[in-house]
Amino acid sequence: MATRYWIVSLPVQSPGGTSSSVWSRLQDSISRHSFDTPLYRFNVPDLRVGTLDSLLALSDDLVKSNVFVEGVSHKIRRQIEDLERAGGVESGALTVDGVPVDTYLTRFVWDEGKYPTMSPLKEIIGSIQSQVAKIEDDMKVRAAEYNNVRSQLSAINRKQSGSLAVRDLSNLVKPEDMITSEHLVTLLAIVPKYSQKDWTSSYESLDTFVVPRSSNKLYEDNEYALYTVTLFAKVVDNFKVRAREKGFQVRDFEYSPEAQESRKQEMEKLLQDQEAMRSSLLQWCYASYSEVFSSWMHFCAVRVFVESILRYGLPPSFLSAVLAPSTKSEKKVRSILEDLCGNVHSIYWKSEDDVNVAGLGGESEVHPYVSFTINIV
């Protein structure tokens, strides 16, 4: 599937010229000189022209609108890719109105029910803008809710997998590791990995009320080791001070099976919520991408119509087409299209390097015919 297309329009030469005759000439030239270039008609309906002043005024809006609508389309596509990757789902081909994206573009049919051709062009563009803006706002809200759950899970994961100096210790400690009685208490000490010999040789001397040989190593990571130590409750504060002086950190910890179970349930619920929201957001994105891409193609049809009138004059008489030339064929295809324009307005057109015509859409390439590029990824 091609990902980069040109939408172009060519003038129908008078007298006696028709769009069908221009189409036949274009097909013949492409087949003879650039046979590997896919070529399709782009069906632009007979829209309501209005006045020349209204078309000129609309052209300024079309510049910003195209950037906006195209941008939302790409945002949704990127969101889909992120969600599919997060769910371990193999990326599938996106569809628009039930057909592949490239098929929708190359077989475009105007939706008269959604955008009546007798409506003023400004009204059609305004409808597209409003619809796409609403979808973008909706996506921001939905994505924020999903990312909030992901952030909560990330915070929990950091607590469970970070350094022993900061991580949650509840899943590293068993009930039998802790002694809590009227007089005795077990503390958890975080010992630098390369200071473990110092700990084992000195912890008993940090206070006279430390239980001899009561320290056991529970866990070790790349930086620290986790040790228990049992002592009389009345000297806990003094022991912490002495330990800190020697570079050992005593973590505040109270073993609670209920709290541990509660954290486990919270984690499971967040995981379930994340997957449910990911799946829901993904389905919404599929549907919204279809809606936005369809709106974008209707916008492109209006754009071709307006620019062709401003370029070739009234009454509207032009052929619009979609091409997908390879990089190596672009220069040849440009030459074919220019030849089919004949001498129409050629006096006003120089090489692309010599002129900078503010054509409709701003980013439009400078040619003696209407042309702009569609990137669908």
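Residue indices follow the written sequence of each chain, beginning from 1 at its first position. With pLDDT at 70 or above as the cut-off, local features in this predicted model cover only qualifying residues; side-chain atom pairs require 80 or more to be listed or tallied, and sums for whole chains, interfaces and linings still use all residues. Note that water and hydrogens are dropped before the side-chain values are worked out from all heavy atoms of the structure.

**Overview of the sheet that holds strand S2 (residues 39-41)**
No. 1: If you trace the four strands from one edge of the open sheet to the other, you get S2-S9-S1-S10, paired in antiparallel fashion. The sheet is open, and its two edges are formed by S2 and strand S10 (370-375), each paired on a single side. Taken pair by pair, the neighbouring strands of this sheet meet at an average axis angle of 25 degrees, ignoring direction.
No. 2: Two strands qualify as a pair provided that DSSP identifies no fewer than 2 bridges between them. In this description a helix means any DSSP run of H or I spanning at least four residues, a strand means any run of E spanning at least two, and both kinds are numbered starting from the N terminus. Bridge analysis of strand S1 (residues 4-11) against S10 gives six bridges, and the strand direction is antiparallel. Opposite isoleucine 7, over in S10, you have phenylalanine 372 as the bridge partner.
No. 3: Helix-sheet contacts for helix H8 (residues 330-340) involve S1, strand S9 (318-323) and S10, and the interaxial angle to S1 is about 15 degrees. Here an angle of 0 to 180 degrees is reported between the N-to-C directions of two axes, which are lines fitted to C-alpha atoms, with helices fitted over the stretch in contact. Contacts between residues were defined by any pair of non-hydrogen atoms, one from each residue, lying within 4.5 Å.

**Observations regarding helix H2 (residues 52-86)**
No. 1: Residue count minus one, scaled by 1.5 Å, sets the expected span of a helix. Over its 35 residues, H2 runs 50 Å from end to end, which matches the ideal 51 Å to within 8%, given 1.5 Å per residue.
No. 2: The positive-phi residue at the C-terminal boundary of H2 is glycine 88, with phi of around 65 degrees.

**As for the packing of aromatic side chains**
No. 1: The pairing test for Phe, Tyr and Trp rings, Trp by its six-membered ring, is centres within 6.5 Å, and the orientation test on the planes gives stacked under 30 degrees, edge-to-face over 60, and tilted for anything in between. With the rule as written, the count across this model stands at 12 aromatic pairs.
No. 2: Ring plane angle 20 degrees and centroid distance 5.3 Å describe the contact between tryptophan 199 and tyrosine 203, whose orientation is recorded as stacked.
No. 3: Any residue under 20% of the maximum accessible area for its type is buried, any over 50% is exposed, and the rest in between are partly exposed; the area is computed with a 1.4 Å probe on protein chains only. Overall, tryptophan 199 belongs to the buried group, its relative accessible area being 0%.
No. 4: Assessed through its relative accessible area of 5%, tyrosine 203 is described here as buried.
No. 5: Here the aromatic rings of tryptophan 199 and phenylalanine 239 are separated by 6.5 Å at their centres, their planes lie at 85 degrees, and the arrangement is edge-to-face. Separated by 40 residues along the polypeptide, tryptophan 199 in helix H5 (residues 196-202) and phenylalanine 239 in helix H6 (residues 236-245) bring together distant segments of the chain.
No. 6: By relative accessible area, which is 0% here, phenylalanine 239 ends up buried.
No. 7: In this scheme, the term charge over a ring applies when either NZ of a lysine or CZ of an arginine sits within 6 Å of the ring centre and within 35 degrees of the ring normal. Sitting above the plane of the tyrosine 219 ring, arginine 167 keeps its charged end 5.5 Å from the centroid.
No. 8: For the cation-ring pair, arginine 334 lies above tryptophan 6, with the distance from its terminal atom to the ring centre recorded as 3.6 Å.

**Observations concerning the environment of threonine 327**
No. 1: Mapping threonine 327 onto the fold places it in the loop between S9 and H8.
No. 2: Each C-alpha atom of the pair threonine 327 and arginine 142 lies 39 Å from the other, and the pair is 185 residues apart in sequence.

**Some words on unusual backbone geometry**
No. 1: For the peptide bond that leads from leucine 314 to proline 315, omega is -5 degrees, which places it in the cis range.
No. 2: Relative to the assigned elements, proline 315 resides in the loop between helix H7 (257-312) and S9.
No. 3: At aspartate 97, a residue that is not glycine, the phi angle is positive and equals roughly 50 degrees.
No. 4: Structurally, aspartate 97 can be placed in the loop between strand S3 (95-96) and strand S4 (99-100).
No. 5: Look at arginine 213: it is not a glycine, yet its phi comes out positive at around 50 degrees.

**Details of the pattern of salt bridges**
No. 1: Criterion for a salt bridge: a side-chain nitrogen of Lys or Arg within 4 Å of a carboxyl oxygen of Asp or Glu. A full pass over the atoms with the stated rule returns 13 salt bridges.
No. 2: As a salt-bridge pair, glutamate 136 and lysine 75 come within 2.7 Å of each other at their nearest N and O atoms. Of this pair, glutamate 136 sits in helix H4 (residues 121-161) while lysine 75 sits in helix H2, and the two are 61 residues apart along the sequence.
No. 3: The class for glutamate 136 is buried, based on a relative accessible area of 10%.
No. 4: Here the salt bridges do not stand alone but share partners, grouping Lys193, Lys217 and Glu220 into one network.

**Observations concerning the confidence of the model for the chain**
For residues with low pLDDT, the predicted coordinates do not support detailed interpretation.
No. 1: pLDDT: the predictor's confidence for each residue, scored from 0 to 100. The share of residues in the chain with pLDDT of 70 or more is 94%, and the mean pLDDT across the chain is 89.
No. 2: Per-residue pLDDT stays below 50 along residues 346-363; that stretch engages in 20 contacts with residues further than four places along the chain or on separate chains.

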